[in-house]
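# A closer look at the structure
Here are the chains, one letter per residue:
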Amino acid sequence: MKARATWRSTPGNVVIYALILICSAIFLFPMYLAIVNSLTAWYSPPTIVPTGFRWENFAYATTLIAFWRFMRNSVILCLISLATATFTSGLVGYAFARIQAPGRNVLFMIVLSTMMLPGIVTQIPTYILFYKIGFIDTYWPWILGGIGGNAFFIFLYRQFFSAIPKELEEAARIDGCSIFRTYWSIFVPLSFPVVATVAVMNFQNTWGDVITPFMYLRQDHYPLATALSMISYQANGSKQIISQVSIAAGIIFMIPVLVTFFLGQRYVVEGIVTTGVKG
Amino acid sequence: MKQIATLLVTAMLIVLMAACGSDTNGATNDEAAPANNTETDNPKRSGSAETVTIRTSISDGELSKEQIAEFEAEHPNIKIEIDPVDATKLAAQLATNSAPDVIRISGVFDAPSYIIRGIAMDLTERIETSAMIDLDDLAPAANVFRFDGQTVGQGPIYGLPKDWSNDYAIWYNKRAFDAAGVPIPDPAVPLTWNEVMELAKKLTIKEGDTVKQYGLAATEWGRTEPNFNFLLQYVLSAGGSISAEDNGVMDFNIQPVKDFINMWVDAVKSHVGPNLLNNDQTSGGDLFLSDKAAMLIDGYWYGGVIRSNENTKSHLDDFGMLPTPIAPGGTRVAPTGSATGAIINKNTKHPEEAWTFFEWYFAGKPADDRAKTGWGLPAFKSKMELLPKETSFDQQVNAVLQDEMNYTQFLPVNPYLANGGWGIFDKYVQPLYFDKSSVDEAVIGITKDANVAVTEAKNAIGQ
Amino acid sequence: MTEKNRRIAAFYLMISPWFLIFLFLGLFPLLYGLYLSFTNYYGFNMQDLDTVGWHNYRLVFTDTDAMYALGRTLYYTAVTVPLSTAIALGLALLLNRHIPGGGVYRTIFYLPSLVPVISTILMWKIIFSSNGGVLNAILGLFGIEPINWFGYDYATTSLIIMSLWGAGGGILINLAGLKGIPRDLYEAASIDGAGVFQNFRRITLPLMTPIIFFNVLMGIIGSLQVYLQPILLNGSELLARPIQPNYMYVVHAFQQIFASQRFAYGMALLWVLFVVILALSIVVFITSKYWVYYETDQER
């Protein structure tokens, strides 16, 4: 392992740091607005400067709708997806990147073309299919979808494995490793950064997916993302959306992804690609 | 050939995979097992053999858990399941014949088009023989669920509204009127829409470049701009007609439509409310309730908002309702533009139980509960008694309402166009705010697009 | 089995989970949708569909709305994809050094892509709004006249800016790619006396091309399908019509299907889009031979 390079305040680094700070301010500004506007009085117009600190809006966010039940549903879907898609996608991506076989390019084109498919094209036909085999309001769409892997992740793995020098593989082949063993003992350890990336992205995709659960599940089983989009925050029978509470709910909704990302990205960044490839 | 070979090889591999447990196979099995458990956990409550589950898209805001519990206690053989759906999901459910047993729809915009497509069950006989429903007691607005294939309001009854309102009435905020030094108009005489717009201009207060208050909020959720519903109400009052008798052809190239568009484009350009030109993103309801808009176009039910809103409930006397405005020289109409209710799915497997629920929801205790809150007008004349009438605010509103009830109608919606009119209207009218088109071009464009949609819809159902 | 056959068998074994599910959940619904696009399906007549030949497809190409929307969508894509790819790479480059608090900044840049669409729209409405809007206030400091960000002339620009705010979503992939570049390449280059920019041009950029390729491809695919943002930017309902310049292709399909119940026609519209996306992707793929660097290419 190489010692971590330390940061020195050279002029170049200072410029970069300044740039980072400016970009951060730009990227954070809308978030600031969200927080300010989640704390104002109900039904009040949007504001740029804080006009109140009604933290109870966050409590209302979890009580005006069955918030915790929806969150539990989100967790279930994410666990199913994480356990399946992260794994199979890697295997498939590896095969496409590293094993020559007839039909490989055609099949890979198929993988890519599934990414290009506007989701809405298959939405109604898929719904009919799921209905006929009794998958509506079950977790099977997520289990099967997970086992099938995700074209996006397959592509990512494939790109990643493609860029690894072939000398590594050849060395393993000379050792007499089987293909699976080569994959497990050489490529999987190297792929830690991409696995972390995929796991984090997979979690985010599933956590943030609105449409799929909306189509295939009934309201009681909606995850949070779908619930927040489809169920309005209203009170006292009013049809007007309480945007303050709605924004507050959005902020709570983001916390798990934020934490996951914050923890996950460290593995990606402080990962072992450099040393691994060197070895 | 290569692809076929690929398929064959894959098929062989599946057999292979099943036979000898490889890494992949082992892992997928492990995954499937716990998932299987969650699958059975999934409450699909089948219950005992005799219990029937009635699924409805009436939302839980409109049908509380307590109400369901009461119903299920009275009818132990029926379980109620709420499955709120939007147009997207409902379409998919109808395609698979798995739509809810009791489908929530807008009486004005959806009912005729659903009836024409054969989705709604004819309820005439059940309603006529019902012990809970007296046909003569039904409010005229409830007739929006009657359709004989050509005229709405006539023929068999396919559904009932849960409530309705005179959706194009004007609500005023006295504080905003006072701020502009403008007296509140006489609530006994309806204004014309042009008078409303002139009033709105007077009520708009600017300080330099910033708007202190607007004159008019068109909708509680959006901008002060015209929409298809407003157009239909205006044309109805002006005595014009945009659909042919059989609804097969539409023509928007008539004077009332042009007058309406001209009037509104002028209002938008005068910035009497938040709109695309001034790009104020505050919603009309937020402005009105915080004294930043003097008038709001909405029906009786909006009184429920004013009664319960934190900003307004302490000074209800500052608010009130004015009658639905009319077209200049037009007749007085106070139509409903929604009358949300439900139909029974023609393909329901449990018509009797669905009806039991339907009857209870629309004519039983929930109907009384709804009327008492004042969040809309009941579908039965006899339940008008239950509306709130304690405060002087209620009394002002009820006085205007009594008058309005004499002019109840429903928007004349072409069943072949249904909701399609909204998008077409916006497409051709929005460019006018930016001087990118002319009114004549707009009405010709709307006519063209609407007729395409009508023809398509007719072809689709083989007419 | 020979070594070669063993490898072929392993290949098919490894991809089989994906392939089987693809047949079941990808190909079948896709072809079913294709079939529907040749029928008179209007949502309620599943039991007795009639086939109408190429009727729906002929309609697509004579539908001025569809062609207009396709043009707008291509414009949006042509602007958004290069910019967001560049932003994501630029941000990753900034963070690809050991900076104090680097994890925090990475999270900040990535954050916008995590925000649910509904919340994103609520925030940007506040920013773009003219009454008390932030953006115009900032531009005012530079003496720029207030702009109507949701009006005819700037509506698409606003949409693009909003999309670019989420461009940080690509930094994870970029960082993973950057970290994958062997450090000794830079060390060797610095011995040769190469500067920062030479390093970028000779080492970083070529080795990042597979990632850039990926980002461009995904960007094109995602941008051509944009629909939720323009709808919600203008109204609050799913069937609200965006202002004309933001009338994107999938919005049109959505309107046809769910506002007008023209399901079969909508399916045809979406299949045309699918073909357009496919064609553009193939173009990117073919050109990638000339600019994307793969280690495995050396095998050929």
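An unreviewed UniProt entry lists chain C under the name ABC transporter permease, with Paenibacillus cisolokensis given as the organism. Quoted verbatim from the Subcellular location (unreviewed entry) field of UniProt, the annotation for chain C is "Cell membrane". Turning to chain C, the UniProt record has this under Sequence similarities (unreviewed entry): "Belongs to the binding-protein-dependent transport system permease family."

With an unreviewed UniProt entry as reference, chain A is termed Sn-glycerol-3-phosphate transport system permease protein UgpE, source organism Paenibacillus cisolokensis. In its Sequence similarities (unreviewed entry) section, UniProt records this for chain A: "Belongs to the binding-protein-dependent transport system permease family." Per UniProt, the comment on chain A under Subcellular location (unreviewed entry) is "Cell membrane".

We now examine the UniProt feature "transmembrane region" (unreviewed entry) in chain A. UniProt's feature table lists "transmembrane region" (unreviewed entry) at residues 12–35, 74–94, 106–130, 142–161, 182–203 and 241–263 of chain A, given in the numbering used throughout. Overall, residues 142–161 of chain A shows 85% helix and 0% strand. The separation of its end C-alpha atoms is 26 Å.

This brings us to a nonpolar patch on the surface. Taken together, Ile-255, Val-259, Phe-262 and Leu-263 of chain A together with Val-104 of chain C make up a surface patch of nonpolar side chains, about 400 Å² in accessible area. By residue number, the principal contributor to the nonpolar patch is helix α13 (residues 243–269) of chain A, which donates four residues. With respect to the helices, strands and loops of the structure, Ile-255 of chain A is situated in helix α13. A relative accessible area of 42% places Ile-255 of chain A in the partly exposed class.

What follows concerns the domain arrangement of chain A. All names here are of chain A. According to the domain assignment, chain A consists of domain 1 (11–58) and domain 2 (60–274). Each of domain 1 and domain 2 was reduced to a C-alpha centroid, and the two centroids are 29 Å apart. Between domain 1 and domain 2, the contact holds 13 residues from the first and 16 residues from the second. Of the roughly 1200 Å² buried between domain 1 and domain 2 on both sides combined, carbon and sulfur atoms contribute 70%. Between the two partners, domain 1 and domain 2, sit seven residue pairs in polar contact (both at pLDDT 80 or more). Secondary-structure elements contributing two or more residues to the side of domain 1 that touches domain 2 are α1 (11–38) and α2 (56–63). No other element matches α1, which puts five residues into the side of domain 1 that touches domain 2. When its residues are assigned to classes, the side of domain 1 that touches domain 2 shows seven nonpolar, five polar and one charged.

With that settled, the discussion passes to the pairing of strand β2 (residues 78–82) of chain B. Residues of β2 of chain B alternate between two faces, with Ile-78, Ile-80 and Ile-82 of chain B buried on one and Lys-79 and Glu-81 of chain B left unburied on the opposite face. With helix α3 (residues 65–74) of chain B bridging strand β1 (residues 52–56) of chain B and its parallel neighbour β2 of chain B, the resulting β-α-β unit is right-handed.

This part is about the interface of chain A and chain C. Listed by partner, the interface residues are 103 residues for chain A and 93 residues for chain C. Both faces considered, chain A and chain C share a buried interface measuring about 9000 Å² in area, 79% of it formed by carbon and sulfur atoms. Where chain A touches chain C, the interface holds zero salt bridges. Looking at the side of chain A that touches chain C, the element that brings in the most residues is α1 of chain A, giving 17 residues. Looking at the side of chain A that touches chain C, its residues break down into 72 nonpolar, 23 polar and eight charged.

This part covers the confidence of the model for chain C. All names here are of chain C. Mean pLDDT over chain C stands at 84; residues scoring 70 or higher make up 95%. Confidence, read as mean pLDDT per element, is least for helix α8 (residues 171–179) in chain C (79) and greatest for helix α3 (residues 64–95) (94). Considering only residues more than four positions removed or in separate chains, one finds that residues 296–300, a stretch of pLDDT under 50, has eight contacts. ipTM for the predicted complex: 0.81, alongside a pTM of 0.83.

How each quantity is defined
- Residues numbered from 1 in each chain as written.
- Chains lettered and ligands numbered in written order.
- Predicted model: local features only at pLDDT ≥ 70, side-chain atom pairs only at ≥ 80, totals over all residues.
- Heavy atoms only, no water.
- UniProt positions renumbered as here; feature names shortened; annotations may be inferred.
- Helix = DSSP H or I, 4+ residues; strand = E, 2+ residues; numbered from the N terminus.
- Patch = residues over 30% accessible without salt bridge, like charges linked within 9 Å, V, L, I, M, F, W, Y side chains within 5 Å.
- Areas by Shrake-Rupley, 256 points an atom, 1.4 Å probe, with all protein chains shown as cover.
- Salt bridge = Lys/Arg side-chain N within 4 Å of Asp/Glu carboxyl O.
- Buried < 20%, exposed > 50% of the residue type's maximum accessible area, 1.4 Å probe, protein only.
- Domains from an automatic or database assignment.
- Contact = heavy atoms within 4.5 Å.
- Buried area = accessible area lost by both parts, 1.4 Å probe.
- Polar contact = N/O pair within 3.5 Å; in protein donor to acceptor, adjacent residues only side chain to side chain.
- Nonpolar A, V, L, I, M, F, W, Y, C, P; charged D, E, K, R; others polar.
- Right-handed = clockwise from strand over helix to strand, strands pointing away.
- pLDDT = per-residue confidence, 0-100.

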